[in-house]
Amino acid sequence: RMLLLEFLGGVPAMIERLHEALAAGDGKELMQRAHALRGSARTLGADALAAVCEALEEVARQGQMDLAHFHAARVTQEYERIGPAVEEFLRDQAA
């Protein structure tokens, strides 16, 4: 439960920093942010989010910032998909 709460509390800020690095054109920072988020996602078994982060990390490593925009948007979309499910799970557990 605590791990899920930390995930919900921390991931939005991680995604925000990821987008800031992208807006700044900082591929190295973007790669590091994607890597950190991938690790958090994998820890919780959020495999789809982890896979999108891995793809973003790879295009950032290669300096393909045009593709990085696409993958960063997918990261946000995937979190928006799983975040409510995690919140619902936590509510059900508390009931």
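Residues numbered from 1 in each chain as written. Predicted model: local features only at pLDDT ≥ 70, side-chain atom pairs only at ≥ 80, totals over all residues. Heavy atoms only, no water.

## Considering the pattern of salt bridges
In the structure shown here, the tally under the stated rule is 6 salt bridges. One salt bridge connects R81 with E78, and the closest N-O pair in it is separated by 2.5 Å. Separated by 3 residues within a single helix, R81 and E78 lie in helix 4 (residues 65-94), roughly one turn from each other. Residue classification places E78 among the buried positions, given a relative accessible area of 12%. Where salt bridges share partners, they join R38, E57, E58 and R61 into one cluster. (Salt bridge = Lys/Arg side-chain N within 4 Å of Asp/Glu carboxyl O. Helix = DSSP H or I, 4+ residues; strand = E, 2+ residues; numbered from the N terminus. Buried < 20%, exposed > 50% of the residue type's maximum accessible area, 1.4 Å probe, protein only.)

## Digging into the side chain of H71
Within the element layout of this structure, H71 appears in helix 4. A relative accessible area of 11% places H71 in the buried class. Side-chain polar atoms of H71 contact the side chain of R74, separated by 3.1 Å. Among residues more than four places away in sequence, those in contact with H71 are V52, A55, L56 and V59. (Polar contact = N/O pair within 3.5 Å; in protein donor to acceptor, adjacent residues only side chain to side chain. Contact = heavy atoms within 4.5 Å.)

## Thoughts on the packing of helix 1 (residues 2-24) against helix 2 (residues 27-44)
Helix 2 packs onto helix 1 with a crossing angle of 160° between their chain directions and a minimal axis gap of 9 Å. In terms of axis orientation, helix 1 runs roughly antiparallel to helix 2. Remark: the crossing between helix 1 and helix 2 carries left-handed chirality. Facing L3, L4, F7, V11, M14, I15, R17, L18, A21 and L22 of helix 1, the residues of helix 2 in contact are E29, L30, R33, A34, A36, L37, S40, A41, T43 and L44. Here the contact of helix 1 with helix 2 is composed, by residue class, of 15 nonpolar, 2 polar and 3 charged. (Axes fitted to C-alpha atoms, helices over the stretch in contact; angles between N-to-C directions. Parallel < 35°, antiparallel > 145°, perpendicular 65-115°, else oblique. Left-handed = near helix turned anticlockwise from the far one by under 90°. Nonpolar A, V, L, I, M, F, W, Y, C, P; charged D, E, K, R; others polar.)

## A few points about the confidence of the model for the protein chain
Averaged over every residue, the pLDDT of the protein chain is 93; residues scoring 70 or more account for 100%. Across the protein chain, the secondary-structure element scoring lowest on mean pLDDT is helix 1, at 91, and the one scoring highest is helix 3 (residues 47-61), at 97. (pLDDT = per-residue confidence, 0-100.)

## A short note on helix 4
The terminal C-alpha atoms of helix 4 lie 42 Å apart, and with 30 residues this matches the ideal 44 Å at 1.5 Å per residue to within 8%. Among all positions in helix 4, only A68, H71, A72, V75, E78, Y79, I82, G83, V86 and L90 are buried. (Expected span 1.5 Å × (residues − 1).)

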